[in-house]
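# Reading the structure
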Amino acid sequence: MQSLWNDKEALAFLGHPLKERVYTSRLLGKSTNLVLHGGGNTSVKAQVQNLFGEQEKVLYVKGSGWDLATIEEAGFPAVKLDTLLRLAQLEQLSDTDMVRMQKSAMLDPSAPNPSVEAILHAIIPFTFVDHTHADAIVTLSNTPDGEARLRDLFGNRVLFVPYVMPGFVLAKKVRHLIRDIDWSNLEGMVLLHHGVFTFADDAKTSYERMINLVTCAEDYLEEHSASAKRTLNPGLPQVFDPIKLAEIRSRISTVRGKAMVATLDTTDSARAFSLLNNVDTISNRGPLTPDHVIRTKRIPAIIDHDIDQAITDFTQNYHHYFDKHNPGNLTCLDPAPRWAVWKNHGIISFGDTVNDATIVSDIKDHTIACIQTAEAMGGWRVPSQQDIFDVEYWELEQSKLNKQKSLPVFEGKVALVTGAASGIGKACALSLRQQGAAVIALDIAEQITHLSASHDAPDNNLLGIKCDVTNIDDINQALAMGVKQFGGIDILVSNAGIFPLSETIAEMDPGTWDKSLNVNLTSHQQMLKACIPFLQLGIDPAVVIIASKNVPAPGPGAAAYSVAKAGLTQLGRVAALELAGSKIRVNMLHPNAVFDTGIWTEETLAKRAGHYGLSVEEYKTRNLLQVEVTSNDVANLACALAGPLFAKATGLQIPIDGGNERVI
Ligand code: ZN
């Protein structure tokens, strides 16, 4: 592992301890082999002047909710060092009281909560303290004679701390261990099965000691675990049945009690792991470090041919584990796995949100690599079930359960929107995403692959796929891609459409007629047909069809469009009848005069308005309520139809047109 310290960059921060702290914290955060998603913490001790003009010693320590990779000065709350040192002297302190006391000792009460390892940072008598959960060191300690190997490797350079739970108990343990210690030869501390600390009076030394210790462990592993390097037989075909994945997600969501996103990883390393003969036994021992249990639960589910049996086994096991370790006063968490080894297929990660599933997926990448390395060195050994249970059921985690938070309405749900690159489709995709859904957004236009809720960043809740909805192969391919990414389909917004040139029946070009029917009608039937098996496995599934005001109130010159939309409405009505048995709701919207779409440019608007002798403004608001109807208005109603508000309604046709005499 290379040191990323750069003298030139660091020069700008020299003499500013907090700025230096931010700099090297970010260097640590850059390596996922050191810390993952908010793991690890760092601190610096400094003198500050308080409001009374007095000098005060404080510990700037990583605040909760911050990630080392992106941390800023604001991510380091200042805590009075004196209070932390006094807390360290207590014989007993609950973690709830510890958090409360740490909070009361903060210079700025509105800063984020200090790390639960703040007291431990405080008692280490060096200015800079760095703490990571380095894979190499934790893996080495997770082998049968791990501690002995680490002692051989590091000698007296580090202090060894047996595994105890993070928080006050760990701080107290370390306080006892360092009572008569000579710090002068120490570079760090190895926390068995947990991680590593390094320290020094300057930022560079503390950081480079971390890199150095971890590199030693990495080199050792490289030398001693050559047989861990498994490669996948390249001739092996990729097997993936998206319906089976949707079935797995459906069962897991039921166990969880809410919709969950599921992401299938079929990369070589994930598939190779799922193909191991002993995958059952090496997966069921426990996580890389107990910290991960909050994200991943203790072990993954193992799924083979019988999905129901696998999930029943997992949940029964989970309840046994809870009953065995529950002292009597704890609330059982949901028994749904957060990842699953799907034999011969790969690994599935589950999450309440796409972000949660991504974090689980990253953790499992490191976990499976470390398990295989440790297996090559005698076996994967982790702390006892009780130790892992104690972290999972930590009092601070349990107290979060009582705080009901309101969830976005579509959290964990997956929506598919067609014609999503512009206009109503794009508005629907973004509204669903904003309300918590993961969205598979299809369009024939290339720009769909760049669809994002923010202008400058890709958005992992939106999967834009170029797809010609009149082509059944394209549809099937897009569904497989979408389901692999998010696990299923709960909501279909069938929107793709074209508005053909105005032609009377007498002058109708057969091509105009055929194309309109093909895109505006037949493609919807094909898409719906392809989605039905997924919707049947969906969570509170719903279909929203974007039809047209032309259905109840057609106009001359638009037969090709109106007939197709009327057919589409009839398709929706029949679908509502046919799919009610599967609890799939099918409702239709009839928008009119939505001008903020791709087909309406300023120029065409002005031309049309002129044709009626109206201003553009008058033309846009030509309805009973005299209001402009926008893509967002239609999208909001589409979301309502797909959500709980219309949970008991199917077969509806709702005009969204500002009021129209002919429709009323
Ligand atoms: Zn830690």
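Residues numbered from 1 in each chain as written. Predicted model: local features only at pLDDT ≥ 70, side-chain atom pairs only at ≥ 80, totals over all residues. Heavy atoms only, no water.

## A few points about the pairing of strand β14 (residues 462-466)
Counted residue by residue, β14 has four buried out of five residues, so it is predominantly covered. Pairing between strand β13 (residues 438-443) and β14: five bridges, direction parallel. Following the sheet pairing, Asp-443 is matched in β14 by Lys-466. (Buried < 20%, exposed > 50% of the residue type's maximum accessible area, 1.4 Å probe, protein only. Helix = DSSP H or I, 4+ residues; strand = E, 2+ residues; numbered from the N terminus. Pairing = 2+ DSSP bridges.)

## Brief notes about the coordination of the zinc ion
Surrounding the zinc ion are the protein donor atoms His-131 (NE2), His-133 (NE2) and His-194 (NE2), which sit 2.1 to 2.2 Å from the metal. One chain supplies every donor for the zinc ion, spaced along it as H-x1-H-x60-H. Residue classification places His-133 among the buried residues on the basis of a relative accessible area of 10%. (Donors = N, O, S within 2.8 Å, 3.2 Å for Na, K, Ca; no water.)

## Focus: the side chain of Thr-42
One can find Thr-42 in strand β1 (residues 41-49). Within the structure, the side chain of Thr-42 is placed 2.9 Å from the side chain of Ser-25, a separation counted as a polar contact. Non-local contacts of Thr-42, meaning those with residues more than four positions away in its chain, are made with Arg-21, Ser-25, Leu-28, Tyr-60, Val-61, Lys-62, Leu-68, Phe-76, His-121, Val-129, Asp-130 and His-131. (Polar contact = N/O pair within 3.5 Å; in protein donor to acceptor, adjacent residues only side chain to side chain. Contact = heavy atoms within 4.5 Å.)

## A closer look at the packing of helix α14 (residues 307-325) against helix α16 (residues 385-392)
Remark: α14 packs on α16, axes separated minimally by 10 Å, with the N-to-C direction vectors making an angle of 90°. Taken together, the axis directions place α14 and α16 in an arrangement best described as roughly perpendicular. Contact residues: α14 offers Tyr-318, Tyr-321, Phe-322, Lys-324 and His-325, while α16 offers Gln-385, Gln-386, Ile-388, Phe-389 and Glu-392. Taken together, the residues of the contact of α14 with α16 break down into five nonpolar, three polar and two charged. (Axes fitted to C-alpha atoms, helices over the stretch in contact; angles between N-to-C directions. Parallel < 35°, antiparallel > 145°, perpendicular 65-115°, else oblique. Nonpolar A, V, L, I, M, F, W, Y, C, P; charged D, E, K, R; others polar.)

## Focus: the packing of aromatic side chains
The final tally for this structure, using the stated rule, is 15 aromatic pairs. Centroid distance Phe-13 to Tyr-23: 5.3 Å. Interplanar angle 40°. Geometry classified as tilted. One end of the pair, Phe-13, is in the loop between α1 (7-11) and α2 (17-29); the other, Tyr-23, is in helix α2, with ten residues separating them in the sequence. Assessed through its relative accessible area of 9%, Tyr-23 is described here as buried. Cluster of aromatic residues (ring-pair linked, three or more members): Tyr-318, Tyr-321, Phe-322, Phe-389 and Tyr-393. We note Arg-622 situated over the ring of Tyr-612; from NZ or CZ to the ring centre the distance is 4.4 Å. (Phe/Tyr/Trp six-rings, centres within 6.5 Å; stacked < 30°, edge-to-face > 60°. Lys NZ or Arg CZ within 6 Å of the ring centre and 35° of its normal.)

## Looking at the sheet that holds strand β8 (residues 261-265)
On the basis of which strands lie adjacent, the open sheet formed by four strands has the order β8-β11-β10-β9 and mixed pairing. Taken across any chain shown, the strands that pair with only one partner, and hence form the sheet edges, are β8 and β9 (301-303). Within this sheet the neighbouring strands show an average axis-to-axis angle of 25°, counted without direction. For β9 and strand β10 (residues 339-342), the ladder comprises three bridges, and the chain directions are parallel.

## Observations regarding helix α7 (residues 146-154)
Along α7, the residues that are buried comprise Gly-146, Arg-149, Leu-150 and Phe-154. Projected down its long axis, α7 carries its buried residues within an arc of 115°, all on one side. Each element contacted by the buried residues of α7 is listed here: α6 (135-141), β5 (158-161), β6 (188-191) and α9 (203-224). Once α7 ends, the next one or two residues include Gly-155, with phi positive near 55°. (Arc of directions from axis to C-beta.)

## Some details on the domain arrangement of the protein
Here the protein is described as being made up of domain 1 (7-224), domain 2 (242-402), domain 3 (414-594 + 630-656) and domain 4 (600-628). Each of domain 2 and domain 3 has a C-alpha centre, and these two points are 35 Å apart. Contact residues are listed per partner, giving 16 residues for domain 2 and 17 residues for domain 3. Summed over both sides, the interface between domain 2 and domain 3 buries roughly 1400 Å², with carbon and sulfur atoms accounting for 64% of that surface. (Domains from an automatic or database assignment. Buried area = accessible area lost by both parts, 1.4 Å probe.)

## Regarding the side chain of Arg-249
Mapped onto the elements of the fold, Arg-249 is located in helix α10 (residues 242-256). Residue Arg-249 is classed as buried on the basis of its relative accessible area, which comes to 1%.

## Some points on the sheet that holds strand β2 (residues 55-61)
Pairing in this open sheet of seven strands is mixed, and the strands run β3-β2-β1-β4-β7-β6-β5 from one edge to the other. The outermost strands of the open sheet, each flanked by one partner alone, are β3 (78-80) and β5. Sheet twist, expressed as the mean angle between neighbouring strand axes with direction ignored, is 25°. By the bridge criterion, three bridges tie β2 to β3 in an arrangement that is antiparallel. Along β3, the bridge assignment pairs Leu-59 with Val-79. Against the sheet, helix α3 (residues 81-88) makes contact with β1, β2 and β3, and its axis sits at roughly 60° relative to β3, the strand it touches most. On the sheet, α7 packs against β5 and β6 and is oriented at approximately 170° with respect to β5.

## Remarks on the nonpolar core
Within the largest apolar cluster, 55 residues are counted, with the highest numbers of intra-cluster contacts made by Leu-479, Ile-489 and Met-527. Here the element with the most residues in this core is helix α20 (residues 510-535); it accounts for six residues. Looking at this core, you find at least three residues from each of domain 2 (242-402) and domain 3 (414-594 + 630-656). Residues contacting Ile-489, with those up to four places away along its chain left out, are Arg-249, Val-414, Leu-416, Ile-440, Leu-479, Val-483, Cys-531, Phe-534, Leu-535 and Gly-538. Tyr-23, Leu-27, Ala-78 and Ile-137 belong to the second-largest nonpolar core, a separate cluster that totals 38 residues. (Core = buried A, V, L, I, M, F, W, Y, C linked by side-chain atoms within 4.5 Å.)

## Observations regarding the environment of Ala-301
Secondary-structure assignment places Ala-301 in strand β9. When sequence neighbours within four positions are dropped, the list of residues in contact with Ala-301 reads Phe-314, Pro-337, Trp-339, Ala-340 and Val-341.

## Topic: the packing of helix α18 (residues 423-434) against helix α24 (residues 631-642)
Relative orientation of the contacting elements α18 and α24 amounts to 50°, with a least axis distance of 8 Å. Judged on the interaxial angle alone, α24 and α18 are oblique. Read as a crossing pair, α18 and α24 show a hand that is right-handed. Between α18 and α24, the residues in contact are Gly-423, Ile-424, Ala-427, Cys-428, Ser-431 and Leu-432 and Ser-631, Asn-632, Val-634, Ala-635, Asn-636, Ala-638 and Cys-639, respectively. Of the residues belonging to the contact of α18 with α24, the class tally is eight nonpolar, five polar and no charged. (Left-handed = near helix turned anticlockwise from the far one by under 90°.)

## Points about unusual backbone geometry
Even without glycine at this site, His-37 takes up a positive phi of about 40°. Mapping His-37 onto the fold places it in the loop between α2 and β1. In this structure His-37 comes out as partly exposed when scored by relative accessible area, which is 33%. One non-glycine residue, His-193, lies in the positive phi region at around 60°. Inspection of the secondary structure assignment puts His-193 in the loop between β6 and β7 (195-200). Look at His-193 and you get buried, because its relative accessible area is 16%.

## A short note on the pattern of salt bridges
Within the structure shown, the criterion is met by 29 salt bridges. For Asp-145, the salt bridge is made with Arg-149, and the minimal N-O distance between the two is 3.0 Å. What makes Asp-145 partly exposed here is its relative accessible area of 40%. A salt bridge links Lys-258 to Asp-352; the shortest N-O distance between them is 3.6 Å. Of this pair, Lys-258 sits in the loop between α10 and β8 while Asp-352 is found in the loop between β11 (346-351) and α15 (354-376), placing the two residues 94 residues apart along the sequence. (Salt bridge = Lys/Arg side-chain N within 4 Å of Asp/Glu carboxyl O.)

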